Each structure stands twice: as C-alpha cells, then as structure tokens.
Amino acid sequence: MTNETPRVDSEVGPLRAVLLHRPGNELTRLTPRNNDKLLFDSIPWVGRAQEEHDAFAEVLRGRGVEVLLLADVLREALADSRAHAAGVHAAVDDLRLGEDLGDALRSHLSAVDAATLAEVLMAGLTFEELPAAEGASLVRKIHHRHDFAVDPLPNLLFTRDSSVWIGDRVAISSLAMPARRRETALLDLVYAYHPRFSHAARAYGAHSAPVEGGDVLLLAPGVLAVGIGERTTAAGAESLARSLFADDIAHTVLAVPIAQARATMHLDTVCTMVAPDAVVMYPLARDELVAFTLRPDGDGSLRVDGPEPFLHAAAEAMGIEKLRVIDTGLDPVTAEREQWDDGNNTLALAPGVVVGYERNVETNARLEDAGIEVLAIAGSELGSGRGGPRCMSCPVVRDPIG
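The structure displayed is predicted, hence computed values, not measured ones. (Residues numbered from 1 in each chain as written. Predicted model: local features only at pLDDT ≥ 70, side-chain atom pairs only at ≥ 80, totals over all residues. Heavy atoms only, no water.)

The next point concerns the overall build of the protein. Per the secondary structure count, the protein includes 15 helices and 19 strands. Put simply, the protein has 402 residues, and 57% of those count as buried. In the protein, the share of contacts with a sequence separation of at least 24, taken over all contacts with a separation of at least 6, comes to 72%. A total accessible area of about 16,100 Å² is found for the protein, and carbon and sulfur atoms account for 51% of it. (Helix = DSSP H or I, 4+ residues; strand = E, 2+ residues; numbered from the N terminus. Buried < 20%, exposed > 50% of the residue type's maximum accessible area, 1.4 Å probe, protein only. Contact = heavy atoms within 4.5 Å. Areas by Shrake-Rupley, 256 points an atom, 1.4 Å probe, with all protein chains shown as cover.)

Quick look at the structure:
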C-alpha cells in the first residue's frame, strides 16, 4: 500500500487510489424474503458477482490505480484496541437484543480477533450463530434461528455512498435507509484508526442530516452539485454546504432536486462527468433538472439563488462557457432501459476515460462517438443492487486536472 495523501478535487482528474468492497458473505444473506428490505432488486449469484468485481478491480489496477479493499482496511483498523471496542459497540444493539443477550454478545465479540469482528460487522450474525448464554432470553426464543441479531450490510458494495472525499477532507455520509445506516460506523472506524487515514480531517459527520455520496458530484475544484431526492434531503445539502464553506474547501454548491424514485435514487444515476467539460446524462433529465445555487454571503450565512436550469448553473459555477452533454440514447425506451441499468453511472479514470457496464451498448457507443474511451466491464450480478462503476468506488486520491 502506497501512502499518497488523500485528496480529490474533481470527478475526472487521473485516479490514483480508490476504495472498493469485494462482494462477500453479506450477499449470501440475501433471500427473496429480505432482499427488498436490504435494497436489492434480485438475489445475486455471489460467485459471479465476485468474479465481475475482481475483473473491475483489475481494470483499475491495469490503469495504475491503487485499489484499497474495504474488508482489508477494516481488519487493519480493528487491530487497534480502540477501534475494536468501537466495532463491538457498533455491532450490538441493546434495544433490539435486550440487555442480557446484548451483554453476552458484547462479551463474545470483545474476545474475538479483528478478522472475526470485521466479518460480523459486514456479514451480520443470525440468532443461531449467537454464542450460548446463561439464563433465558425471550428475544432469543421468540426469533427464528435464521433471523438476524446483527444485520448484514450487502450494500457495502457501493462504497461511493458511505463516504466521499472533498479536497483533503472526508465526508462521512448520513445514510437515509435503515438497511444502510450501520455502514457509516464501519467507515468511521476506518478513517479514524487506519494508519492511512488517521490524520484525515472530516468535512461532514454521520450524525448530520441525510447526505449520500452518490448525490455528490465534484464538478470542479470548489464547485459541487448535490442531488436532493430519495436519499439526500434539502437539510442535508444545506448542512453540507455550510460545512464546506466554513472549512473553505468549496465556494459554490448546486442543490439539484431529483425524482424520489428507485430508478433515480442518486444524482449519479442520471448524470456523471466524463471529462472536465462534459457529462453523460439521461435525456429526460437534461431539460428537467434545475439547481439552487448556494454560496457563502460573507457574514457566516448562506445566499440561495435560483432555481435555474442545472446545465446553465453548473457551467457558470465552473467558469466555462458550456457543459457538453452526451445523451444516453435518443430513443426514449432505450434511454430508459440503460438509465435503469446504470448507463449514466460511469467512473472516470482520467479526463475522457471511463469505466461503464458492457450491457449499456447504446450509451457506450455514444460516449465513444463523443471521443470518450469506455472500459467496459461485466455487471450482470453486480448491478442487482442498482449501482454502476461510480457507485462501487470511492476515489481517495485524484491528481489535479491539467
């Protein structure tokens, strides 16, 4: 592992280091009975998902990107006794388990090694897997043995959402959906106790109003767009803006309302950057998206302007004449299908070089026609949780553009 200082100022600067999560046993916990609650549209074939993810990671490594795997850095962080204690605290919910059963689990997990605790934190624990305890427990008796005493976190795959680097600071997301809220505790541990990140300052905290990384686009140094919809609230966008302005790491935040729907859960499901002056965008969103422009007013408060068309507001904030738009298909049916299949959710490895799912044939062709190199990866199983290459990656180090 190299030790490049974490810093990300754009969506498209040459990518040097990225945090991914290789699918693990948490995905084997998905069943037709719980997949909706755990935010998956189908039950993934875990072995194939792992193969697809390994291939994705190799594409990145082949382009000189350092790939950090969440399971590895979590285990390494948990080697610190303070992190281990915090991990045990994150795993045990006394309100759910009751005091006696909670104490028994806490005592058990306090004695396990870092690798075992990391696995429990990621893959969860069923009542059948709980350690034996003295005395009767109504909670244990009333639950089915395959019910979860510690919920699994299958959405860890989507590392973009739980944290995002803005400049040299990390924002720990405040995740909106109950199935994902414990993810932030794991990222808190990693960024607080792993040697690679121990000196990183925070730009936002997990206990603030809901903001998810998939809604945060770094349009240019000091300029962000934040989607407001199913996962990020207006209060969250405003709170993040105030934090960034106070820390002087941004001068403009564009708050962009999007439809509160599964197909458009984050801003990056309808729009991602592929070059310093270009985005790939779902055609139906092109003319519908608007933005409220937030800037500091000089007296410690905010100035809120707009709304105005997003593309115009973005270009003005970025200091460019026009933001180029590459549509994901002129045929509305094809565009809708490819938007659902994460056609707009590309990960830029450098200006004009992106990773996208191979199944989005029309979108990839239009990108290539626009001079964008597309590194196509398989994603038939990875996409079952509704997320593409950008969703599955948290850039940690990017070089400046130009």
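Across all of its chains, the model carries three aromatic pairs by this definition. Ring plane angle 85 degrees and centroid distance 5.6 Å describe the contact between Trp165 and Tyr191, whose orientation is recorded as edge-to-face. Here Trp165, found in strand β5 (residues 163-166), pairs with Tyr191, found in helix α10 (residues 183-193); they are 26 residues apart in sequence, far enough to count as distant. Pair check on accessibility: Trp165 and Tyr191 agree, each one buried. Residues Tyr191 and Phe197 carry aromatic rings whose centres are separated by 5.0 Å and whose planes lie at 80 degrees to one another, so their mutual orientation is edge-to-face. In this pair, the class of Tyr191 matches that of Phe197, namely buried. Cluster of aromatic residues (ring-pair linked, three or more members): Trp165, Tyr191 and Phe197. (Phe/Tyr/Trp six-rings, centres within 6.5 Å; stacked < 30°, edge-to-face > 60°.)

The UniProt entry lists Cys391 under the feature "active site" (unreviewed entry), expressed in the numbering used here. Among the structural elements, Cys391 can be located in the loop between β18 (373-377) and β19 (394-398). Overall, the relative accessible area of 3% leaves Cys391 in the buried class. Not counting residues up to four positions away in its chain, the partners in contact with Cys391 are Leu157, Phe158, Thr159, Arg160, Asp268 and Asn345. (UniProt positions renumbered as here; feature names shortened; annotations may be inferred.)

What follows concerns helix α13 (residues 310-318). Extensive coverage of α13 is indicated by the burial of seven of its nine residues. Residue Gly319 follows α13 closely and has a positive phi angle near 75 degrees.

Counting buried positions along strand β1 (residues 15-20) yields five of six residues, so the element is predominantly enclosed. As paired strands, β1 and β19 are joined by four bridges and run antiparallel to one another. When the sheet's bridge partners are listed, Val18 is paired in β19 with Pro395. Across four bridges, β1 lies against strand β2 (residues 66-69) in parallel orientation. Looking at β2, one finds that Leu19 is bridged to Leu68. (Pairing = 2+ DSSP bridges.)

On the basis of which strands lie adjacent, the open sheet formed by three strands has the order β2-β1-β19 and mixed pairing. Single-partner strands in this sheet number two, and they are β2 and β19. Averaged over all pairs of adjacent strands, the angle between their axes in this sheet comes to 20 degrees, without regard to strand direction. Across the face of the sheet, helix α2 (residues 46-62) comes into contact with β1 and β2 while running at roughly 160 degrees to β1. (Axes fitted to C-alpha atoms, helices over the stretch in contact; angles between N-to-C directions.)

With that settled, the discussion passes to the sheet that holds strand β17 (residues 353-357). The strand order across the open sheet built from three strands is β16-β17-β18, with neighbouring strands paired in mixed fashion. Sheet topology places β16 (347-350) and β18 at the edges, where each strand pairs with a single neighbour. Strand after strand, the sheet turns through a mean of 30 degrees between neighbouring axes, direction not considered. Here β17 runs beside β18; their pairing, made up of five bridges, is parallel. Looking at the pairing, Gly356 lines up with Ala376 of β18.

Of note, Ser173 is situated in the loop between β6 (169-172) and α10. Only 2.4 Å separates the side chain of Ser173 from the backbone oxygen of Asp161, close enough to count as a polar contact. (Polar contact = N/O pair within 3.5 Å; in protein donor to acceptor, adjacent residues only side chain to side chain.)

At a minimum axis separation of 10 Å, helix α4 (residues 81-91) and helix α6 (residues 99-110) run at an interaxial angle of 150 degrees. With respect to α6, the element α4 is oriented roughly antiparallel. Between α4 and α6 lies a crossing whose hand is right-handed. Along the contact surface, α4 presents His84, Val88 and Ala91, while α6 presents Arg106, Leu109 and Ser110. (Parallel < 35°, antiparallel > 145°, perpendicular 65-115°, else oblique. Left-handed = near helix turned anticlockwise from the far one by under 90°.)

To continue, consider the pairing of strand β12 (residues 278-281). Residues of β12 alternate between two faces, with Ala278 and Val280 on one and Val279 and Met281 on the opposite face, all of them buried. Two elements, strand β11 (residues 271-275) and β12, share four bridges in a ladder whose sense is antiparallel. Following the sheet pairing, Cys271 is matched in β12 by Met281. Hairpin geometry of β11 and β12 is characterised by an intervening segment of two residues between the two adjacent antiparallel strands.

Before going further, it helps to examine the environment of Ala278. Note that Ala278 resides in strand β12. Each C-alpha atom, one on Ala278 and one on Gly352, is 8.8 Å from the other, the two residues being 74 residues apart in sequence.

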